[in-house]
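Given next are the chains, with one letter for each unit.
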Amino acid sequence: MSSRYNRIRKLSLFVAISMASRLLFMANNLEGFDSIDFALGLHDYDINTHQPHFPGYPVYLFFSWLVYVFTQNDTISLTLPGAVLGGVARVPIFYLAKRMFSERVALLASMIYLVNPLCWLQAEKALSDATGFFFIILSAQLLLYACTSKRHVLIYLISGSVILGIGLGVRLSYFPFLSMWLFTVRELSKSNDGNIKIE
């Protein structure tokens, strides 16, 4: 129990540092046409007029709209979801690496993610990349659990599938990750009894 408590405490500290590093350096203005299109979409959602451009990023703009209700600021509304979820992404990264390798590797992976320049930069901009990454990596964790766990397999499969769908609603360009869902379904279909049970 103490080992689990220490792990959660360390992970919470890492997540707090990661979120703080993103929030402290959030963009103060919109950069590039994509960010401006997103801002226009907050006020008048219309793909035909590139507000935003295809495929519309409905989930990302929904999260941004929720923030806008409270902040009334386009830049903060479009940046905050990525900054927060970009920081929280360390949690599924940790548990994914822990299940695949070891706790030591998981800590290393989450530390590398913290200081990775590209991940850090994307989480500070008014773009959908960091938000989409969080849902994709969380989906990967849950689908891996579905393949490797003996209990709650169906729960992991359904939740992983839903989260993957949300991730595709954030960024449709992540559609190649459907392959991990297909792989999971294939592996589960090859199970000995062919049945998936909730226990």
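Report follows, based on the coordinates. It should be emphasised that the depicted structure is a prediction, and the values quoted were computed from it without experimental measurement.

For the rest of this paragraph, the subject is the environment of threonine 71. Position of threonine 71 among the secondary structure elements: in helix 3 (residues 58-71). Residues in contact with threonine 71, not counting those within four places in the same chain, are Ile76 and Ser77. A distance of 3.1 Å separates polar atoms of two side chains, one belonging to threonine 71 and the other to serine 77.

Our next topic: the side chain of serine 139. For serine 139, the location among the structural elements is in helix 8 (residues 129-148). By relative accessible area, serine 139 is classed as buried at 0%. When sequence neighbours within four positions are dropped, the list of residues in contact with serine 139 reads Gly160, Ile163, Leu164 and Met180.

A few words now on the pattern of salt bridges. For the structure on display, the rule yields three salt bridges. Between glutamate 31 and lysine 125 there is a salt bridge whose closest N-O contact spans 4.0 Å. Of this pair, glutamate 31 sits in the loop between helix 1 (2-24) and helix 2 (32-43) while lysine 125 sits in the loop between helix 7 (117-122) and helix 8, and the two are 94 residues apart along the sequence. In this structure, arginine 171 and aspartate 129 form a salt bridge, with 3.8 Å as the shortest nitrogen-oxygen distance. Within this pair, whereas arginine 171 is found in the loop between helix 9 (153-170) and helix 10 (178-189), its partner aspartate 129 is found in helix 8, the two being separated by 42 residues in sequence. Residue class for arginine 171 comes out buried when judged on its relative accessible area of 16%.

To continue, consider helix 4 (residues 74-88). End to end, helix 4 covers 22 Å across 15 residues, agreeing with the expected 21 Å (1.5 Å per residue, within 8%). Maximum bend of helix 4: about 30 degrees, positioned at leucine 80, with proline proline 81 one to four residues after it. Of all the residues in helix 4, the buried ones are Thr75, Ser77, Leu78, Thr79, Pro81, Gly82, Ala83, Leu85, Gly86 and Gly87. Two or three places before threonine 75, at the opening of helix 4, asparagine 73 has a side-chain oxygen 3.0 Å from that residue's backbone nitrogen.

Definitions and limits used
- Residues numbered from 1 in each chain as written.
- Predicted model: local features only at pLDDT ≥ 70, side-chain atom pairs only at ≥ 80, totals over all residues.
- Heavy atoms only, no water.
- Helix = DSSP H or I, 4+ residues; strand = E, 2+ residues; numbered from the N terminus.
- Contact = heavy atoms within 4.5 Å.
- Polar contact = N/O pair within 3.5 Å; in protein donor to acceptor, adjacent residues only side chain to side chain.
- Buried < 20%, exposed > 50% of the residue type's maximum accessible area, 1.4 Å probe, protein only.
- Salt bridge = Lys/Arg side-chain N within 4 Å of Asp/Glu carboxyl O.
- Expected span 1.5 Å × (residues − 1).
- Bend = angle between axes of the 7 residues up to and from the residue.

Geometry only, nothing functional implied.
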